[in-house]
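Read off the chains here:
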Amino acid sequence: MSIKDQVIAIIAEQAMLEPSDVTLASTPEDLGIDSMGLVECIFAIEEAFDISIPFNADFDISTVASIIAGIERLKAEQG
């Protein structure tokens, strides 16, 4: 399963949606994910990919696509 597919599956599960309801352009707000839900998504993503996501301006969580891009960057930096 690709990073994109895994992230979409995690976000969909946290938002109690079907993966097909989650698009790359979706924002957390579009998906009904509040700040607490977003934290839970981040924790689930960190666990799934064995990474640590920084809670600062270096990691864009504005859309699903930006979250995926950030994870791909972190995984690449890990080697």
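Refer to the preceding data block for the structure.
Residues numbered from 1 in each chain as written. Predicted model: local features only at pLDDT ≥ 70, side-chain atom pairs only at ≥ 80, totals over all residues. Heavy atoms only, no water.

**Student:** Whenever I open this one, the pattern of salt bridges confuses me. Can you help?
**Tutor:** When charged atoms on two side chains of opposite charge get close, those side chains can pair. If you walk through the whole model with that rule in mind, you get one salt bridge. With a shortest N-O distance of 3.6 Å, Arg 73 and Glu 77 are connected by a salt bridge. Note that Arg 73 and Glu 77 are positioned in helix 3 (residues 64-78) at a spacing of four residues, about one turn of the helix. For Arg 73, a relative accessible area of 34% corresponds to the partly exposed category. (Salt bridge = Lys/Arg side-chain N within 4 Å of Asp/Glu carboxyl O. Helix = DSSP H or I, 4+ residues; strand = E, 2+ residues; numbered from the N terminus. Buried < 20%, exposed > 50% of the residue type's maximum accessible area, 1.4 Å probe, protein only.)

**Student:** It is not clear to me how the side chain of Glu 46 should be interpreted in this structure. Could you clarify?
**Tutor:** Relative to the assigned elements, Glu 46 resides in helix 2 (residues 35-49). Among buried Asp, Glu, Lys and Arg side chains, Glu 46 stands out as unpaired, with Arg 73 the closest opposite charge at 11 Å. A polar contact of 2.7 Å, which involves the side chain of Glu 46, links it to the backbone nitrogen of Ile 53. Ignoring any residue separated from it by four or fewer positions in sequence, one finds Glu 46 in contact with Ile 51, Ser 52 and Ile 53. (Lys, Arg positive; Asp, Glu negative; His and termini not counted. Polar contact = N/O pair within 3.5 Å; in protein donor to acceptor, adjacent residues only side chain to side chain. Contact = heavy atoms within 4.5 Å.)

**Student:** Whenever I open this one, empty space enclosed by the protein confuses me. Can you help?
**Tutor:** Leftover empty space is mapped by rolling, across the atoms, a probe with the size of a water molecule. Scanning all chains against the criterion turns up one cavity of 30 Å³ or more. Looking at the largest cavity, its volume works out to about 50 Å³. For the largest cavity, the full set of lining residues is Ile 11, Thr 27, Pro 28, Leu 31, Ile 33, Leu 38, Cys 41, Val 64 and Ile 67. Counting residues per element, the ones that place at least two in the lining of the largest cavity are helix 2 and helix 3. Looking at the lining of the largest cavity residue by residue, the classes come out as eight nonpolar, one polar and no charged. (1 Å grid on protein atoms, 1.4 Å probe; cavity = no way out; pocket = protein on both sides within 12 Å on 5 of 7 lines; lining within 4 Å. Points joined across faces, edges and corners; volume = space filled by probe spheres on them. Nonpolar A, V, L, I, M, F, W, Y, C, P; charged D, E, K, R; others polar.)

**Student:** What am I meant to see in the packing of helix 1 (residues 3-15) against helix 2 here?
**Tutor:** Packed helices, taken two at a time, are described by their axes: the angle between them and the distance between them. Interhelical geometry of helix 1 versus helix 2 gives an angle of 145° and a closest axis separation of 10 Å. For the pair helix 1 and helix 2, the crossing hand works out as right-handed. Between helix 1 and helix 2, the residues in contact are Ile 3, Gln 6, Val 7, Ile 10, Ile 11 and Gln 14 and Glu 40, Cys 41, Ala 44, Ile 45, Ala 48 and Phe 49, respectively. A breakdown of the residues in the contact of helix 1 with helix 2 according to their chemical character gives nine nonpolar, two polar and one charged. (Axes fitted to C-alpha atoms, helices over the stretch in contact; angles between N-to-C directions. Left-handed = near helix turned anticlockwise from the far one by under 90°.)

**Student:** Mind showing me how you'd approach the nonpolar core here?
**Tutor:** Across soluble globular proteins, nonpolar side chains show a tendency to be buried alongside one another. Judged by nonpolar contacts, the single largest core of 22 residues is most densely connected at Val 7, Ile 11, Ile 45 and Ile 71. Contributing elements (two or more residues each) for this core: helix 1, helix 2 and helix 3. Here this core gets six residues from one element, more than from any other, and that element is helix 1. Setting aside anything within four residues of it in sequence, one finds Ile 45 in contact with Val 7, Ile 10, Ile 51, Ile 53, Ile 67 and Ile 71. (Core = buried A, V, L, I, M, F, W, Y, C linked by side-chain atoms within 4.5 Å.)

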